Amino acid sequence: MVRSVNPLTGAHDGASVISLSATSSSRRAPVHARAATLSSPHIRGDALHIHMRTFAASHLEAWWSHIRAQPDYVADVVVPMAITFSIYYGFGLLFLALDHSELSWWHRRKCQQKARPIPWVNVRKITLFVTAQLFTVYPLTLWLGAQLVRARLDFSAELPDLHTVLSSFAAFALCTEAYFYHCHFLLHHPSIYSLVHKVHHEYTAPIALECLYFHPIESVLQLGTVAAGPLLLRSHVVLLYAWTVIALFNVSLHHCGHEVPLDEAPRLGSMAHQHDYHHKACRANYGVIGLFDWLYGTRGGYDEWHEKWERERMVAAAAADGGKAQAEEKKGAGSGSPLSVATAWDGLERSTAVRRR
Ligand SMILES: [Zn+2]
Ligand SMILES: [Zn+2]
């Protein structure tokens, strides 16, 4: 199907603006000035950007019209399951490889420095348990819930525009936080915990492959964490697919056991570290972003724990710097006096204090 305006980006309009402005300015300007204008990095950058957006949107449109032409179970079950398999194994195995690598950058960011890695036999047990549910519980639930999903979501050929995509994602994030916090808090009720949620808490220092390690009842409940926003807002189903990708990536990240840059909620801190602390302490940090934990005062001792973690990380970094400086001096490669642990620690303390002021 061909439309005059690109539904995801509005890029045809943008392309017209660029080409019109180039044409009208080229009528007035001399030849060498025209060449300079058209070859300027700014115009070329805009044109490339628009071309890339048009390219991505047209491929998405073609893909969606292909899916719509298939039997209903493809959009209802096959697509969401393909997304779930790819993200779960893709990121789960990537984080597992990082855990067993020699990357000091990665190991320095480990939330529970003293925790032992989960033995291979248990990693295998976790993965097989999740895989069994990926072939049974999830597709069956999606198939049974397809009528509800079709009644609430938009399956039309026209894809949403960019403004709708961005505003929907902001609303989905709030819906996910509200649903996950309250559902998760209830799962910690003593009468339910030992029957259902205890499975997910089998290990106090989680790994990414454990992100979907749930009792089957909880696996069904957690589908609502992803679907709550799109169902409430009656969104286009493609937005549900996109939100599934984002949510699954985040749930993998938040079980990887490491504090990763750019994963911070404003004023609430690292989301991965917050959830790692939930696995450690069990009675704190029930949310994803931390918004409801902050509102209801259920952060437990997380802030003190995180402060201590930061301090210990700085000491370790200072010790590593000190050791490196001493090694360099021994080799005669260093200049000036070696950096002692105490000096490095003082320097780090001072720079942190300056940043706080
Ligand atoms: Zn829990
Ligand atoms: Zn968890």
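Quick summary incoming for the structure in this document. These numbers come from a predicted model, not from an experiment. (Residues numbered from 1 in each chain as written. Chains lettered and ligands numbered in written order. Predicted model: local features only at pLDDT ≥ 70, side-chain atom pairs only at ≥ 80, totals over all residues.)

A closer look at the overall build of the protein
So the rule is basically this: Strands here are runs of E lasting at least two residues and helices are runs of H or I lasting at least four, both read from the DSSP assignment and numbered beginning at the N terminus. Counting other C-beta atoms within 10 Å of a residue's own tells you its class, since 20 or more makes it buried, 12 or fewer makes it exposed, and anything in between is partly exposed; those C-beta atoms are placed from the backbone. Once C-beta atoms have been placed from the backbone, residue pairs whose C-beta atoms lie within 7 Å are recorded as contacts.
Across its full length, the protein carries 16 helices and 2 strands. In the protein, which comprises 357 residues, the share counted as buried stands at 27%. Sequence separation of 24 or more characterises 66% of the internal contacts of the protein that already satisfy a separation of 6 or more.

Thoughts on the packing of helix H4 (residues 72–99) against helix H7 (residues 137–144)
Rules: Each axis is a line fitted through C-alpha atoms, and for a helix only the stretch in contact is used; angles between axes span 0 to 180 degrees, taken between their N-to-C directions. Geometric relationships in this document are graded by angle, where less than 35 degrees denotes roughly parallel, more than 145 denotes roughly antiparallel, 65 to 115 denotes roughly perpendicular, and other angles denote oblique. Working rule for handedness: look at the near helix, and if it is turned counterclockwise from the far one by less than a right angle, call the crossing left-handed; if clockwise, right-handed. Residues are sorted three ways: Asp, Glu, Lys and Arg are charged, Ala, Val, Leu, Ile, Met, Phe, Trp, Tyr, Cys and Pro are nonpolar, and all the rest, Gly among them, are polar.
Orientation of H4 relative to H7, taken along the N-to-C sense of each, is 150°, at an axis distance of 9 Å. The angle between H4 and H7 places the two elements in the roughly antiparallel class. Where H4 crosses over H7, the handedness of that crossing is right-handed. Contacts between H4 and H7 pair Tyr-73, Asp-76, Val-77, Pro-80, Met-81 and Thr-84 from the former with Tyr-138, Pro-139, Leu-142 and Trp-143 from the latter. In terms of residue class, the contact of H4 with H7 is built from 8 nonpolar, 1 polar and 1 charged.

Some details on the environment of Val-130
Along the chain, Val-130 turns up in helix H6 (residues 120–135). Through-space distance from the C-alpha of Val-130 to that of Cys-211 is 9.1 Å; in sequence the pair is 81 residues apart. Setting aside its immediate chain neighbours within four residues, Val-130 contacts Tyr-88, Leu-212 and Tyr-213.

Looking at the packing of H7 against helix H11 (residues 216–233)
Any two packed helices are characterised by how steeply their axes cross, that is the angle between the axes, and by the distance between the axes. Closest axis-to-axis distance for the H7/H11 pair is 10 Å, and the angle between their directions is 45°. In this view, H7 runs oblique relative to H11, as classed from their interaxial angle. As H7 runs across H11, the sense of the crossing is right-handed. Contact residues: Val-137, Tyr-138 and Thr-141 in H7; Pro-216, Ser-219, Val-220 and Leu-223 in H11. Grouping the constituent residues of the contact of H7 with H11 by class yields 5 nonpolar, 2 polar and no charged.

Thoughts on helix H9 (residues 162–187)
To keep things clear, this is the line we draw: By definition here, a helix of n residues has an expected span of 1.5 Å times n minus one.
Helix length check: H9, at 26 residues, gives a terminal C-alpha distance of 36 Å against a target of 38 Å (1.5 Å per residue), a fit within 8%. For H9, the secondary structure elements touched by its buried residues are helix H10 (190–193), H11, helix H12 (237–253) and helix H14 (291–296).

Topic: the environment of Arg-152
Mapped onto the secondary structure, Arg-152 falls in helix H8 (residues 146–152). On the basis of neighbour counts, which here come to 16 C-beta atoms within 10 Å, the residue Arg-152 falls in the partly exposed class.

Looking at the nonpolar core
The line we're drawing: Think of a nonpolar core as buried Ala, Val, Leu, Ile, Met, Phe, Trp, Tyr and Cys residues chained together by C-beta atoms that fall within 7 Å.
Counting residues in each nonpolar core, the largest one holds 42 residues, and the members touching the most others are Ile-207, Ala-208, Leu-212, Val-238, Leu-240 and Trp-243. Residue assignment for this core shows that the elements contributing at least two residues are H4, H6, H9, H11, H12 and helix H13 (271–281). Sorting elements by how many residues they give to this core places H12 first, with 9 residues.

A closer look at the environment of Ala-205
For Ala-205, the location among the structural elements is in the loop between H10 and H11. Given 19 C-beta atoms within a 10 Å radius, Ala-205 is considered partly exposed. Each C-alpha atom of the pair Ala-205 and Pro-117 lies 8.1 Å from the other, and the pair is 88 residues apart in sequence. Beyond its immediate sequence surroundings of up to four residues, Ala-205 is in contact with Gln-112, Ala-115, Gly-257 and His-279.

Brief notes about unusual backbone geometry
Located in the positive-phi region is Arg-267, a residue other than glycine, with phi close to 70°. Of the residues examined, Arg-267 has 8 C-beta atoms within 10 Å and is grouped as exposed. Positioned with a positive phi, Cys-282 is a non-glycine residue whose angle comes to about 70°. For Cys-282, the position within the fold is in the loop between H13 and H14.

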